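Chain by chain, the residues:
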Amino acid sequence: MASAAPKLFINARIATMTGSADAADGVLAVEDGRIAYAGPEASLPDRCASFEKVDCGGRLVTPALIDCHTHLVYGGSRAKEFEMRLEGASYEEIARAGGGIVSTVTATNALSEDALVEAALPRLDALLAEGVATIEIKSGYGLNIETELKMLRAARRLATLRPVRIKTTWLAAHATPPEYKGRNAAYIEEVAVAGLEIAHAQGLVDAVDAFCEGIAFSPDELRPVFDKAKALGLPVKLHAEQLSNLGGAAMAASYGALSSDHLEYLDEAGAKAMADAGSVAVLLPGAFYTLKEKQHPPMAALREAGVPLALATDCNPGTSPLTSLLLTMNMGATLFAMTVAECLIGVTANAARALGLADETGTLEAGKAADIALWDVDAPAELVYRIGFNPLSRLYIAGDEVMR
């Protein structure tokens, strides 16, 4: 997606997201889909002065946004069980009525690859319309090798239909299907590990994830998955400490995990282990909100340990039917007391780090991909402050304008 002609963005307020979210007057030069310069106009390299001018009209310019944790590809809807919860039904009653993750697994298995792509496109388009240029998509609603692979193929195809960077994640260790009830180890060996080998051989997987929780898998049960990922040279990440503290984040950190996600019940030792490993804490306020949780992530411990903070939608049909990264930032600030800078860096620089893309995108620096968003706002704080308002003016991915 290299840009046809070099461009020079002028009359801009630039927030590079390199250490702060502050904006300053400046210019940004783009050549061959890469940032050639970002900073004060007085220091612009002479060769960039002749580039085609793009007048930003005083608008805020930031890196394009990154949604680093989604389950965007799935079948069906869980709106009915949402309605049942509002009417007082318990989780058990919903499950007996065919709801819960089982309903999504059933619906996802029933859809063709083409149908999964068609179902995911509106969700993808909603994110792109808010300035998102990079999206992570997990498998995890097949719980058998064939459908897990189908989900990843559908995710890869989305990048051929829209100008977006997609990173795929193998999440077969998401839940245990009924046919493996009471046989977690067998499911891990026969589906999660065996399927991962196939996904890797077919070039479908960029990273490996799992759900570490009492209702899913223990840290020890998940080690074979992470051992296989390590053997294949794939980075790992983990759904950890969402509902209880099983020490999953520390286990993932021992494998050099890119991130651990959710983390409401993380303790100080887990935070320190993450910091020592360089793992990012991906916070998911959409799930916290939907599930009406009371336990907040340990923000003080994460900050004290120096763990990088990221935010993501966790877009999924059951616990976070959220397709707005702008709203996610507001939730991060309102529900988790994150600062404006933490929210903005959390969906740019730190989100890139959570995907292993820190050298490619997430900040406005020379050499990085020209993934750029222009906003009709006066200050960066407005992107976090507003609720239900999208001020995107233009979106560029690798220097090409893709949204206006």
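Residues numbered from 1 in each chain as written. Predicted model: local features only at pLDDT ≥ 70, side-chain atom pairs only at ≥ 80, totals over all residues. Heavy atoms only, no water.

Q: Would you mind going over the UniProt feature "binding site: N-formimidoyl-L-glutamate" (unreviewed entry) in the protein chain in detail, with residue names and values included?
A: Feature annotation in UniProt places "binding site: N-formimidoyl-L-glutamate" (unreviewed entry) on Tyr141, Asn316 and Gly318, given in this structure's numbering. Judged by maximum C-alpha separation, these annotated positions cover 178 residues in sequence but sit close together in space, the widest gap being only 11.4 Å. Looking at where Tyr141 falls in the secondary structure, it is placed in the loop between β7 (132-138) and α5 (145-161). Under the relative-accessibility criterion, Tyr141 is labelled buried at 5%. Secondary-structure assignment places Asn316 in the loop between β13 (309-311) and α12 (325-336). Setting aside chain neighbours within four positions, we find Asn316 in contact with His71, Tyr74, Tyr141 and Pro321. A distance of 2.8 Å separates the side chain of Asn316 from the backbone oxygen of Asp314, its partner in a polar contact. (UniProt positions renumbered as here; feature names shortened; annotations may be inferred. Helix = DSSP H or I, 4+ residues; strand = E, 2+ residues; numbered from the N terminus. Buried < 20%, exposed > 50% of the residue type's maximum accessible area, 1.4 Å probe, protein only. Contact = heavy atoms within 4.5 Å. Polar contact = N/O pair within 3.5 Å; in protein donor to acceptor, adjacent residues only side chain to side chain.)

Q: Describe in detail the sheet that holds strand β8 (residues 165-173), supporting the description with residues and values.
A: Strand order in the open sheet formed by eight strands is β6-β7-β8-β9-β10-β11-β12-β13, and the pairing between neighbours is parallel. At either margin of the open sheet sits one strand with a lone partner, and together these are β6 (65-67) and β13. Sheet twist, expressed as the mean angle between neighbouring strand axes with direction ignored, is 25 degrees. Direction of pairing for β7 relative to β8: parallel, over a ladder of five bridges. By the bridge assignment for β8, Glu136 is matched with Lys167. (Pairing = 2+ DSSP bridges. Axes fitted to C-alpha atoms, helices over the stretch in contact; angles between N-to-C directions.)

Q: Tell me about the state of the cysteines, and please be specific about residues and values.
A: Tallied over the full model, the rule gives zero disulfides. The thiol of Cys68 is unpaired, and the distance to the nearest cysteine sulfur, on Cys343, comes to 13 Å. Judged by relative accessible area, which is 2%, Cys68 ranks as buried. (Disulfide = S-S within 2.5 Å.)

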